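Architecture and fold: a report
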Amino acid sequence: MNAGIDAGSFRDPRGHIYIDDGRVFRTVTKSGLADFQQVRQTGLLDKLVDNNRLVAFEEADAAHLSFVPQDVDLVLEHPRLPFISYPYEWGFQLLKSAALLQLDIYAEALQHDVTLTDASAYNIQFVGSRPIFIDHLAFRPYRDGEFWTAHRQFCEQFLNPLLLRAKLGIVHNAWYRGALEGISTSDLNRLLPLRKKFSWNVFSQVVLQDKFQEASLDKSARATVSINKGLPKQSFERMLMSMRNWIEKLQPLDSGKTVWGGYAADNSYSGEGASQKRAFIADFARVVQPKLIWDIGCNTGEYSAAALEAGAASIIGFDFDQTAIDMAYQRAVDNDLQLLPLYLDAANPAPDQGWGERERKGLRGRAECDAILALALVHHLAIGKNVPLEAVVNWLLSLAPNGVIEFVPKSDPMVQELLRFRDDIFDKYTLENFERSIQATATIKRWDNVEGSERRLVWYRRKDI
Amino acid sequence: MKKIIKVLMTSLCMIMLLTESAWAYLDPGTGSLILQSLIAGVAGAMVVGRLYWEKLKVYFSSIFSADGSKTSADASNHVNAERDSELR
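Just so it is clear, the model here is predicted, and its values are computed rather than measured. (Residues numbered from 1 in each chain as written. Chains lettered and ligands numbered in written order. Predicted model: local features only at pLDDT ≥ 70, side-chain atom pairs only at ≥ 80, totals over all residues. Heavy atoms only, no water.)

**Concerning unusual backbone geometry**
Across the chain, the bulk of peptide bonds are trans and the bulk of non-glycine residues have phi less than zero. All names here are of chain A. Positive phi, close to 50°, is recorded for Asp21, a residue that is not glycine. Structurally, the position occupied by Asp21 is in the loop between β2 (15-20) and β3 (23-29). Despite not being glycine, Asp113 has its phi angle at roughly 60°, a positive value. Here Asp113 is to be found in the loop between α3 (92-111) and β6 (114-116). (Helix = DSSP H or I, 4+ residues; strand = E, 2+ residues; numbered from the N terminus.)

**Here we look at empty space enclosed by the protein**
Residues and elements named next belong to chain A. For the structure on display, the rule yields three cavities of 30 Å³ or more. The calculated volume of the second largest cavity comes to roughly 50 Å³. Taken together, Pro82, Phe83, Phe126, Gly128, Leu292, Ser314, Ile315, Ile316, Gln338 and Leu340 make up the full set of residues lining the second largest cavity. Examining the composition of the lining of the second largest cavity, we find that three residues originate from one element, strand β11 (residues 314-319), more than from any other. Classifying every residue of the lining of the second largest cavity gives seven nonpolar, three polar and no charged. (1 Å grid on protein atoms, 1.4 Å probe; cavity = no way out; pocket = protein on both sides within 12 Å on 5 of 7 lines; lining within 4 Å. Points joined across faces, edges and corners; volume = space filled by probe spheres on them. Nonpolar A, V, L, I, M, F, W, Y, C, P; charged D, E, K, R; others polar.)

**A closer look at the packing of helix α7 (residues 200-216) of chain A against helix α2 (residues 30-64) of chain B**
Look at α7 of chain A against α2 of chain B: their axes get within 7 Å of each other, and the N-to-C directions meet at 135°. When the axis of α7 of chain A is compared with that of α2 of chain B, the two are oblique. Regarding α7 of chain A and α2 of chain B, the two cross each other, and that crossing is right-handed. Every residue of α2 of chain B that contacts α7 of chain A at Trp200, Ser204, Gln205, Leu208, Gln209, Phe212, Gln213 and Ser216 of chain A is listed here: Thr30, Gly31, Ser32, Ile34, Leu35, Leu38, Ile39 and Val42 of chain B. (Axes fitted to C-alpha atoms, helices over the stretch in contact; angles between N-to-C directions. Parallel < 35°, antiparallel > 145°, perpendicular 65-115°, else oblique. Left-handed = near helix turned anticlockwise from the far one by under 90°. Contact = heavy atoms within 4.5 Å.)

**Some details on the sheet that holds strand β13 (residues 371-374) of chain A**
Residues and elements named next belong to chain A. One open sheet holds the seven strands; their spatial order is β12-β11-β10-β13-β14-β16-β15, and the pairing between them is mixed. Edge positions in the sheet fall to β12 (339-343) and β15 (442-449), since each has one partner strand and no second. Averaged over all pairs of adjacent strands, the angle between their axes in this sheet comes to 20°, without regard to strand direction. Direction of pairing for strand β10 (residues 292-296) relative to β13: parallel, over a ladder of three bridges. Across the sheet, the residue bridging to Ile293 is Ala371, located in β13. (Pairing = 2+ DSSP bridges.)

**Looking at the confidence of the model for chain A**
Counting all residues, the mean pLDDT for chain A is 92, and 94% of those residues have values of 70 or more. Counting contacts from residues 223-227 of chain A, a segment whose pLDDT is below 50, to residues more than four positions away or on other chains yields 13 contacts. (pLDDT = per-residue confidence, 0-100.)

**Some remarks on the sheet that holds strand β5 (residues 72-78) of chain A**
Either a parallel or an antiparallel arrangement is found when strands of a sheet pair, and the pairing is made through backbone hydrogen bonds. Residues and elements named next belong to chain A. The antiparallel open sheet is built from five strands, whose spatial order is β1-β2-β3-β5-β4. Two strands in the sheet have a free side with no partner beyond their single neighbour: β1 (4-5) and β4 (58-59). One ladder, built from two bridges, connects β1 with β2; its direction is antiparallel. Each residue of the ladder has a partner; that of Gly4, found in β2, is Ile19. Sheet contacts for helix α1 (residues 30-41): β3, β4 and β5; angle to β3, the most-contacted strand, approximately 100°.

**Quick word on helix α16 (residues 431-441) of chain A**
Residues and elements named next belong to chain A. Among all positions of α16, only Phe434, Glu435, Ser437 and Ile438 are buried. Summarising the axial view, the buried residues of α16 lie within an arc of 155°, below the 170-degree limit, and thus occupy one face. Structural note: α16 exposes Glu432, Arg436 and Ala440 on the side pointing more than 90 degrees away from its buried face. Those residues of α16 that are buried are in contact with α13 (378-384), α14 (389-399), β14 (402-407), β15 and β16 (456-462). (Buried < 20%, exposed > 50% of the residue type's maximum accessible area, 1.4 Å probe, protein only. Arc of directions from axis to C-beta.)

**Re α1 of chain A**
All names here are of chain A. Taking 1.5 Å as the rise per residue, α1 with twelve residues should run 16 Å; its terminal C-alpha atoms sit 17 Å apart, in good agreement. Of the surrounding elements, those touching the buried residues of α1 are β3, α2 (44-50), β5, β6 and β9 (139-141). Of the residues trailing α1, Gly43 is marked for its positive phi of about 85°. (Expected span 1.5 Å × (residues − 1).)

**Points about the pairing of β14 of chain A**
Residue and element names in this part refer to chain A. Burial of β14 is extensive: six of the six residues sit out of reach of the surface. Side chains of β14 alternate between two faces, with Asn402, Val404 and Glu406 and Gly403, Ile405 and Phe407 buried alike. Where β14 and β16 come together, six bridges link them in antiparallel fashion. Directly across from Ile405, in β16, lies its bridge partner Val458.

**Some words on the nonpolar core**
Residue and element names in this part refer to chain A. In terms of nonpolar packing, the biggest core is built from 116 residues, with Phe139 and Trp294 touching the most fellow members. Not counting residues up to four positions away in its chain, the partners in contact with Trp294 are Phe83, Ile316, Phe318, Leu363, Arg364, Ala367, Cys369, Ala371, Ile372, Leu373 and Leu399. Counting residues in each nonpolar core, the second largest holds 24 residues, with Ile281, Ala285, Leu373 and Trp459 among its members. (Core = buried A, V, L, I, M, F, W, Y, C linked by side-chain atoms within 4.5 Å.)

**Digging into the packing of α3 of chain A against helix α4 (residues 151-168) of chain A**
Residue and element names in this part refer to chain A. Orientation of α3 relative to α4, taken along the N-to-C sense of each, is 140°, at an axis distance of 10 Å. Classified by chirality, the crossing of α4 by α3 is left-handed. Taking contact as the criterion, the partners of Phe92, Leu95, Lys96, Ala98, Ala99, Gln102 and Leu103 in α3 are, on α4, Phe154, Gln157, Phe158, Pro161, Leu162, Arg165 and Ala166. In terms of residue class, the contact of α3 with α4 is built from ten nonpolar, two polar and two charged.

**Remarks on the domain arrangement of chain A**
All names here are of chain A. Domain parsing of chain A yields domain 1 (1-80), domain 2 (127-249) and domain 3 (271-462). Computed from C-alpha atoms alone, the centre-to-centre distance between domain 1 and domain 2 is 29 Å. In this complex, domain 1 contributes 21 residues to the contact, which on the side of domain 2 involves 13 residues. Counting the surface domain 1 buries against domain 2, the share from its top three residues, Arg26, Leu54 and Val55, is 32%. (Domains from an automatic or database assignment. Buried area = accessible area lost by both parts, 1.4 Å probe.)

Shown next as structure tokens:
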């Protein structure tokens, strides 16, 4: 593969990310070098790396790298992260933990007389369920009395989407995916009812900020502006602290009231069925030893955990149920699992978008997984979304060379529920057609019927590998 | 509510200047900067307010404590000394 500048790395002239044969490099241009060296000398970067808050880095030999442009004096190499995810794929708890990391890094930086040039949520990634900061050039020396320049960006990319869920019970994902820079303070202010505006935090951060911004556009008001007071460092630190305290307490307004309701308890098969499923998945993971699994329809991460225990290196879980991914996140945190649960509507995955339609990559352009799990997923797409069964199977098989797919037949109470108020137009939704679709491009390595139900687990291996 | 905000905002605009954005990597947004000044101002006022509140509490406790217990008398002396030094 030829070295190329990462399509998402163009905003900051002080350096760029290059991907060369799977390795990740960061160039530091002349305009960014002095700041970077000065920040590095404070010891901040090493401290953050030691605490697993900043991706590790080491100096690379620029002379041996053909892609390095003329104006570059320093090249860093970083370890490659298993998966790049975006804030519009994060659930509430992931976005919240990313926000807290951003504030913690800020507070730590100020102690070293360093500040940050921005507060982009895209500068935070997850390894397992742990947030980690990825932009080494976002730091620069702090100047006495300067403002929190990135405050507005922090509000739009972290605070406002969290408030949307915490104060109004609206999830941020669809909106954020459409508005890549986050949710504007003025939109949020318009949405919030008066009774939600009586807390000092909401009043100051949303209502006042919006009104001030609006007023600043008024030319007559701007003309009277005449004295610069600056922001004392102590006030800066206090503002970060109170923002942190506030965000730490935020919780979704609607917790507990989503599709899956009872979760683990709420399915159509017995406890033996569940342990049988776990054993099947564990066998699969033991034999295939996948580096990266996509668990599509991961629910609360129960079967991801089984696969990890059996030898899978890391798993990206996907589900469209917000409470499920928050619960899976909690499971990952509690058990320190290499599991990152993300929001996904499998019928409409994240596309290539942003500047040049390449800045933020679509789901498949970001990483290749070597296995998939698709448990109790197919009927949601084939019946819930009218996607032909064969197309569902082909899509799943195209994602990874190995995998386990569960077929839930029409007789199953969960499918009956989906069909309750509609005509059954799904003549082709049968086990025979399901297996025939798989066998067109893959072989069935093993199958098993889930006890206490008419569901079937199928372990496939694609023929082209 | 709208009127209060307008008055607050105009008075704040009168005492603010936003010249430093020239070197900023991103547009900080004027609303954000005015808000930060306000918050810094409110926090400052709260610190001053708390100082006087503590003094007031000590002052009243020294008046109302019938036995004139040693601690409150000491504290009020301390505050008085502080106040004297400020007056000087």
